[in-house]
Amino acid sequence: MRNLWGLLLVGFCSVAFAHPVIYQDGWVISSMTMADMTDANVSYSFSSRWSSGINYWRLSDMQGNEQEWQLAKLNHLAYRYNGDDSQANLYLHSGLGRSDSEQNENRLGYMMGLEADWETRKYFLSAKYLHLGSADTDHGIWVGRVGISPILADFSSLQSWAMLQVWHDPITARETKITPLLRFFYHNVLWEMGSSLKGDMMLNLMVHL
Amino acid sequence: MRIFILLGILLSFSAMAETINFGVKGMVCSMCAQGIKKKFKALGVDPEKVQVDLDKKLVSVDNDKNIKLTDQAITDAIKDAGYEVVDIKRQ
């Protein structure tokens, strides 16, 4: 039962990373998975500024002990800059629910976060901080990304990006994890594939509905 | 005489159909801009009649069903999609 939420979410959407709030009445189904973590999410944007949904997190510490969070989540687009050739965003994340580990089951879990990005058709930059809290261990996760699109494709064509992700979580990672990855999206489906410099595979998927 | 009446009706229909062009600020990502098509679909426009040009940051709506698309309705739809409209032109 403990893993039911996570299995359902991961099974449903497989493996993501992008805007937590999209157009009004839009759904986002996404997940991002590496060996020592899973982040799966289903959310609904009830306006172009707010979205809510459910979020599953799995993190493993250095000893292989797993901890999970099952959260009801609220995301807010606090600021958006729409420029002639660029867009920038500032998002706030919050979540409340339960956390489970081998030592403690069904304890209060929560999440707070801040995310900023800037993109043009050719360049992408983002930075994110998430604090996942529980009765066991608190995690402070830093994720930064830089990307470039080598080909500026038409609206209805396959889009491709080369990106570099830097992941820093002092608890789960022995050292900062650097992951080169490829991002593709076509119409409303995005997928990413990458491998950290240590060989840890990453496969992400996101769908906008 | 019937031919003239038929021709008049056809001409009046063609005069009612319009193409609406407008600029969209912030439109840099094709996946996120899918919301623009969705918003116009909600207004009754066939998504196939909505053309998005990411290079020029332009959207073109072929309003062949003569749906009432006021400037305010277009501005609201684009705002709900997360963007800003500039310079609405009708042909």
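Nothing here was measured: the structure is a model prediction, and the numbers come from that model. (Residues numbered from 1 in each chain as written. Chains lettered and ligands numbered in written order. Predicted model: local features only at pLDDT ≥ 70, side-chain atom pairs only at ≥ 80, totals over all residues. Heavy atoms only, no water.)

Examining a nonpolar patch on the surface
Residue and element names in this part refer to chain A. Nonpolar side chains collect at one region of the surface, where Trp 118, Tyr 123, Leu 125, Val 146, Ile 148, Leu 164, Val 166, Ile 178 and Leu 197 lie side by side and expose about 760 Å² of accessible area between them. Its location among the elements puts Tyr 123 in strand S7 (residues 123–133). The class of Tyr 123 is partly exposed, set by a relative accessible area of 41%. (Patch = residues over 30% accessible without salt bridge, like charges linked within 9 Å, V, L, I, M, F, W, Y side chains within 5 Å. Areas by Shrake-Rupley, 256 points an atom, 1.4 Å probe, with all protein chains shown as cover. Salt bridge = Lys/Arg side-chain N within 4 Å of Asp/Glu carboxyl O. Helix = DSSP H or I, 4+ residues; strand = E, 2+ residues; numbered from the N terminus. Buried < 20%, exposed > 50% of the residue type's maximum accessible area, 1.4 Å probe, protein only.)

Things to note about the confidence of the model for chain B
Predicted confidence across chain B gives a mean pLDDT of 84, with 82% of residues reaching 70 or more. For this predicted complex, the interface score ipTM comes out at 0.78, while the overall pTM is 0.85. (pLDDT = per-residue confidence, 0-100.)

Quick word on the packing of aromatic side chains
Under the counting rule described, the total for this entry stands at five aromatic pairs over all chains. Pairing Phe 124 of chain A with Trp 161 of chain A gives two aromatic rings, centres 6.4 Å apart and planes at 75 degrees, and the pair type is edge-to-face. Within this pair, whereas Phe 124 of chain A is found in strand S7, its partner Trp 161 of chain A is found in strand S9 (residues 159–168), the two being separated by 37 residues in sequence. This pair shows no difference in class: Phe 124 of chain A is buried, exactly as Trp 161 of chain A is. When the centroid spacing of 6.0 Å and the interplanar angle of 25 degrees are considered together, the rings of Phe 22 of chain B and Phe 40 of chain B count as stacked. Placement of the pair is Phe 22 of chain B in strand S1 (residues 18–25) and Phe 40 of chain B in helix H2 (residues 34–42), with a sequence separation of 18 residues. (Phe/Tyr/Trp six-rings, centres within 6.5 Å; stacked < 30°, edge-to-face > 60°.)

Details of the confidence of the model for chain A
For chain A, the average pLDDT comes to 87, and 90% of its residues sit at 70 or higher. Averaged pLDDT values for the elements of chain A fall to 43 in helix H1 (residues 4–13) of chain A and rise to 95 in strand S4 (residues 66–82) of chain A.

Focus: the sheet that holds strand S6 (residues 107–119) of chain A
All names here are of chain A. In space, the twelve strands of this closed barrel follow the order S1-S2-S3-S4-S5-S6-S7-S8-S9-S10-S11-S12, with antiparallel pairing throughout. When strand polarity is set aside, the average angle formed by the axes of neighbouring strands in this sheet is 15 degrees. Pairing analysis gives nine bridges linking S9 to strand S10 (residues 177–186), with the strands arranged antiparallel. The partner of Gln 165 across the bridge, within S10, is Thr 179. (Pairing = 2+ DSSP bridges. Axes fitted to C-alpha atoms, helices over the stretch in contact; angles between N-to-C directions.)

As for the interface of chain B and chain A
Taken together, the 23 residues of chain B in the interface contact 27 residues of chain A. Where Lys 57 of chain B meets Asp 85 of chain A, a salt bridge forms, and the shortest distance between an N and an O atom there is 3.6 Å. Linking chain B with chain A are nine residue pairs in polar contact (both at pLDDT 80 or more), by the criterion used here. Mapped onto the side of chain B that touches chain A, the elements with two or more residues apiece are H2 and helix H3 (71–80) of chain B. Ranked by residue count, the leading element in the side of chain B that touches chain A is H2 of chain B, at five residues. Counted by class, the side of chain B that touches chain A contains nine nonpolar, five polar and nine charged residues. (Contact = heavy atoms within 4.5 Å. Polar contact = N/O pair within 3.5 Å; in protein donor to acceptor, adjacent residues only side chain to side chain. Nonpolar A, V, L, I, M, F, W, Y, C, P; charged D, E, K, R; others polar.)

Things to note about the state of the cysteines
By the definition in use, this model includes zero disulfides over all chains. Summary of cysteine pairing: Cys 29 of chain B is not part of a disulfide, and the nearest cysteine sulfur, belonging to Cys 32 of chain B, is at 3.1 Å. (Disulfide = S-S within 2.5 Å.)

Some details on the environment of Ala 77 of chain B
Residue and element names in this part refer to chain B. Considering the arrangement of structural elements, one finds Ala 77 in helix H3. Along the backbone, Ala 77 and Asp 53 are 24 residues apart, and their C-alpha atoms lie at a distance of 17 Å. Those residues in contact with Ala 77 that lie beyond four places of it in its chain are Lys 39 and Leu 43.

With respect to the environment of Ala 78 of chain A
Residue and element names in this part refer to chain A. Relative to the assigned elements, Ala 78 resides in strand S4. Taking relative accessible area as the criterion, Ala 78 reaches 35% and is therefore assigned partly exposed. The spacing of Ala 78 and Tyr 56 is 22 residues in sequence and 23 Å in space, taken between C-alpha atoms.

Side note on the nonpolar core
Of all hydrophobic cores here, the largest spans 47 residues; its most connected members are Trp 57 of chain A together with Phe 22 and Ile 36 of chain B. Apart from the residues within four sequence positions on either side, Ile 36 of chain B is in contact with Val 24, Met 27, Val 50, Val 59, Ile 78, Ala 81 and Tyr 83 of chain B. (Core = buried A, V, L, I, M, F, W, Y, C linked by side-chain atoms within 4.5 Å.)

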